[in-house]
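Remarks on the overall topology
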Amino acid sequence: AAPASPAARSIAVLTFENTSRDTAAQYLAEGLADQITTRLGGVARLTTISRTAVRRLRSPELLSVQQLGRTLNAVYLVNGSLRAAGGRVRVNVETLRAATGELIWSAAFDRASDDLIGIEEAIATEVAAGVAGRLSPQERRALGSRVTASSRAYEQFLRGNVLLARR
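So, a few notes on the structure that sits alongside this text. (Residues numbered from 1 in each chain as written. Predicted model: local features only at pLDDT ≥ 70, side-chain atom pairs only at ≥ 80, totals over all residues. Heavy atoms only, no water.)

For the rest of this paragraph, the subject is the packing of aromatic side chains. Here the structure, examined in full by the defined rule, presents one aromatic pair. Measuring from centroid to centroid gives 6.4 Å for W105 and F109, while their planes differ by 45°, and the two rings are tilted. Across this residue pair, the class does not change: W105 and F109 are buried. (Phe/Tyr/Trp six-rings, centres within 6.5 Å; stacked < 30°, edge-to-face > 60°. Buried < 20%, exposed > 50% of the residue type's maximum accessible area, 1.4 Å probe, protein only.)

One finds F16, L40, V91, V93 and I123 to be the most contacted residues of the largest nonpolar core, which totals 33 residues. The dominant element in this core, judged by the number of residues it contributes, is helix α4 (residues 116–132), at nine residues. Apart from the residues lying within four places of it in its own chain, the contact partners of F16 are Q26, A29, A33, I36, V78, N79, G80, S81, V91 and V93. (Core = buried A, V, L, I, M, F, W, Y, C linked by side-chain atoms within 4.5 Å. Helix = DSSP H or I, 4+ residues; strand = E, 2+ residues; numbered from the N terminus. Contact = heavy atoms within 4.5 Å.)

What follows is about the pairing of strand β5 (residues 88–97). Bridging between strand β4 (residues 76–85) and β5 involves 10 bridges; their strand directions are antiparallel. Across the sheet, the residue bridging to A84 is V89, located in β5. What sits between β4 and β5 in their antiparallel hairpin is a turn of two residues, with G86 showing a positive phi close to 55°. Linking β5 to strand β6 (residues 102–112), which pair antiparallel, is a turn of four residues; within it G101 sits at a positive phi near 80°. (Pairing = 2+ DSSP bridges.)

Bringing the pattern of salt bridges into the picture now. Counted under the stated rule, the structure contains eight salt bridges. Residues R45 and E139 are paired through a salt bridge, measuring 2.8 Å at the closest nitrogen-oxygen approach. In this pair, R45 is assigned in the loop between α1 (26–40) and β3 (47–48) and E139 in helix α5 (residues 137–144), connecting sequence segments 94 residues apart. Ionic pairing is found between D110 and R90, a salt bridge with its closest N-O pair at 3.8 Å. Taken together, the residues span a long stretch of sequence, with D110 in strand β6 and R90 in strand β5 at a distance of 20 residues. (Salt bridge = Lys/Arg side-chain N within 4 Å of Asp/Glu carboxyl O.)

Turning to unusual backbone geometry, a few remarks are in order. Positive phi is not limited to glycine here, since N73 has a value of about 55°. Secondary-structure assignment places N73 in the loop between α3 (65–72) and β4. The partly exposed category is assigned to N73, whose relative accessible area is 30%.

Interpretation in functional terms is not warranted from these geometric data alone.
What follows is the structure, given as structure tokens:
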């Protein structure tokens with residue numbers, strides 16, 4: 001039987017690449033991807049591929065964009081890199097059409113490292129708007145909800161989620 005074709009607005013967030021010299025920043029790369037996936041899941045017009053499915057990919061860096069899209073059954077792929085240094089975080093993000101590799105949207109976010117929540121919120125909002133079009137007020141609220149106002153607590157939350165996923 002042929003695999004089902006992906007939903008028109010299906011999206012998968014791949015694990016971000018840590019380009020920092022500090023390997024401890026890997027939790028940020030993984031944690032941001034997890035939380036962006038969670039935020040995108042709050043937009044009803046998007047079909048968000050689970051982080052579990054993305055994590056199960058073996059050597060995704062060896063697959064073409066088209067192969068990744070077929071394997072995850074996603075029309076769009078979100079990819080990015082993160083660099084943390086000197087109290088700042090720079091995140092480069094792109095959204096690709098999986099079937100062609102065409103760049104749909106890309107942006108760089110450069111913020112103080114204590115504004116991780118703001119980076120995540122901005123990325124999720126821009127990606128959702130790029131794929132789904134104009135967002136409703138309800139969708140904007142879902143994308144803008146915050147688990148905490150404390151950047152330190154949020155950083156620990158990301159670390160804990162990454163460690164939990166690895167166990």
